[in-house]
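Here is how the chains run, residue by residue.
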Amino acid sequence: MEAAGEKKRRVCVTGAGGYLASWLVKLLLSRGYFVHGTVRDPGDSKNAHLKNLDGAAENLQLFKAELLDYNSLVSAIAGCEGVFHVATPVPPKKSSNPEVEVVVPAVTGTLNVLKACSEAKVKRVVVVSSAVAVLMSPNWPKGKIRDENCWSDEEYCRKTENWYYYSKTLAEREALDFAEKNRLDVVTVCPSFIIGPLLQSNINASSLFLINLLKGVRPTVENKVLYLVDIRDVADALLLVYEEPNASGRHICAPHLVKMQDLVDMLKNLYPHHKYPEILTEEEEEEEEDCEMHSVKLNNLGWKCRTLQETLIDTIEYHRAAGLLDRV
Ligand SMILES: NC(=O)c1ccc[n+]([C@@H]2O[C@H](COP(=O)([O-])OP(=O)(O)OC[C@H]3O[C@@H](n4cnc5c(N)ncnc54)[C@H](OP(=O)(O)O)[C@@H]3O)[C@@H](O)[C@H]2O)c1
């Protein structure tokens, strides 16, 4: 715990045991912050890795909190100068009750966090949104690169039953709206699909995505357009927008645009002895051009990211060392 007389900058991270939040906690500890991490079950083995992070014994305190339990958030946020709201339900593709399982925890949960931040006079809140709150925008002018002015169309997300997209778009919009009405300093970051090494012991969707490609689990895959970003670069972006006084509003964090074919070719080059899927090529060429977005606003704040090759190597080496490429 904090030494007597020592005053560390205190921040709260919601959903601390998750994939992204764990890397953020690690980064914050390495930069000398005292971190309040919220978890739903501090005793659950899926959160055990947090205690092993460098500096955790002295500078990480876990709080049991649930997004829909306002008082639990108040306790976790008390005394913090900043909050990183990372927690959100990441649902399986089909949810039997999306309103209850996905939308309410994302939207009401975010508003609960912001209300608690307002009460505690937190100086800045960083809300993790997603590129899915940008990309599902069929009315965006064709060929125009998507920037922070581009929002996913909520009605379209609902109609197409993309509940996660809907929840992230609505939560981000409500967060910025709350900020304006309540004069709370809120900045958001919209990362694309995140890949990279894991700090936790359980495999997640990002891991499975690469493992499945390396093992050719599906014999064929479509030549889809992908936006990828390294988990460590996202953590850097979150800290950057927290610390940088000039940061405001939304920040797209989506540096690597690749088609599946290019990704598989890169992987084959690096790791030729794997069984890769065959790429189906009937995808319309237009798609790549039509979903372009950029991360210029973050870059202008000084954000730099790894090359995709570096990310792929680090991720695969991590999975190999952890025995995860043999297990699935
Ligand atoms: N992974 C990606 O590719 C990606 C891309 C763009 C944006 N994002 C965003 O990044 C953030 C983190 O995602 P992730 O990939 O790190 O997901 P994750 O590993 O599933 O982490 C989500 C965290 O949220 C917590 N959580 C969920 N529902 C909660 C609730 N009702 N109350 C309290 N905590 C709750 C989970 O706690 P439990 O462990 O208790 O379930 C978990 O710690 C999310 O906001 C996500 O939308 C992720």
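Please read all numbers here as calculations on a predicted model, not as lab measurements.

A. Region of the structure containing the sheet that holds strand β1 (residues 10-13). The strand order across the open sheet formed by seven strands is β3-β2-β1-β4-β5-β6-β10, and the pairing between neighbours is parallel. With one partner strand each, in any of the chains shown, β3 (60-64) and β10 (252-253) form the two edges of the open sheet. Pairing of strand β5 (residues 124-128) with strand β6 (residues 186-191), which is carried by four bridges, proceeds in the parallel orientation. Within β6, the residue paired with Val 128 across the bridge is Val 189. Each of β1, β2 (34-39), β3 and β4 (82-85) is contacted by helix α4 (residues 70-77), which is oriented at about 165° to β3, the strand it contacts most. The strands touched by helix α8 (residues 163-182) are β5 and β6; relative to β6, the strand with the most contacts, the crossing angle is about 160°.

B. Structural view of the nonpolar core. In terms of nonpolar packing, the biggest core is built from 63 residues, with Val 13, Leu 28, Val 35, Phe 84, Leu 238, Met 260 and Leu 263 touching the most fellow members. Take this core: its biggest share by element is nine residues, from helix α1 (residues 19-30). Setting aside residues up to four positions removed in sequence, Leu 28 forms contacts with Val 11, Val 13, Tyr 33, Val 35, Phe 84 and Leu 239.

C. Structural view of the packing of aromatic side chains. Within this structure, the stated rule accounts for four aromatic pairs. An angle of 50° between the planes, with centres 5.0 Å apart, marks the rings of Phe 84 and Tyr 242 as tilted. Linking Phe 84 in strand β4 with Tyr 242 in helix α10 (residues 231-243), this pair joins segments that are 158 residues apart in sequence. By relative accessible area, which is 7% here, Tyr 242 ends up buried. Ring plane angle 85° and centroid distance 6.1 Å describe the contact between Trp 163 and Tyr 166, whose orientation is recorded as edge-to-face. Of this pair, Trp 163 and Tyr 166 both sit in helix α8, three residues apart, which is roughly one turn of the helix. Grouping residues by exposure puts Trp 163 and Tyr 166 together as buried. Three or more aromatic residues joined by ring pairs make a cluster, and in this case those are Tyr 33, Phe 84 and Tyr 242. Above the face of the Phe 34 ring, Arg 10 is positioned so that its terminal group lies 4.1 Å from the ring centre. Directly above the ring of Tyr 166 sits Arg 158, whose terminal nitrogen or CZ lies 4.9 Å from the centroid.

D. A look at helix α14 (residues 308-321). With 14 residues, α14 extends 20 Å from end C-alpha to end C-alpha; this agrees with the ideal 20 Å at 1.5 Å per step. Considered for burial, the residues of α14 that qualify are Leu 308, Thr 311, Leu 312, Thr 315, Ile 316 and His 319. All buried residues of α14 lie within an arc of 115° about the axis, which places them on one face of the element. Just past α14, the residue Gly 323 takes up positive phi, approximately 75°.

Rules behind the numbers
Positions within a chain are numbered from 1, following the residues in the order the chain's sequence is written. With the structure being a predicted model, the display of local features is reserved for residues of pLDDT at least 70 and the display and counting of side-chain atom pairs for 80 or more, all residues being used for whole-chain, interface and lining totals. Side-chain measures were taken over the full set of non-hydrogen atoms in the model, leaving aside hydrogen atoms and water. Any two strands with at least two DSSP bridges between them are considered paired. Helix and strand definitions follow DSSP, with helices as H or I runs of at least four residues and strands as E runs of at least two, each counted in order from the N terminus. A contact between two residues is defined here by any heavy atoms of the two lying within 4.5 Å. Helix axes are fitted only over the stretch in contact, all axes being lines through C-alpha atoms; the angle between N-to-C directions runs from 0 to 180 degrees. What we call a nonpolar core is a set of buried Ala, Val, Leu, Ile, Met, Phe, Trp, Tyr and Cys residues that are connected through their side-chain atoms within 4.5 Å. Using a 1.4 Å probe on the protein chains alone, a residue whose accessible area is under 20% of its type maximum counts as buried, one over 50% counts as exposed, and one in between counts as partly exposed. Stacked, tilted and edge-to-face are the three classes applied to pairs of Phe, Tyr and Trp rings, where Trp contributes its six-membered ring and a pair requires centres within 6.5 Å; stacked means planes under 30 degrees apart, edge-to-face means over 60, and tilted covers the rest. Throughout this description, the term charge over a ring refers to an Arg CZ or Lys NZ atom that lies within 6 Å of the ring centre and within 35 degrees of the ring normal. To estimate how far a helix should reach, multiply one less than its number of residues by 1.5 Å. Directions drawn from the helix axis to the C-beta atoms are what define this arc.

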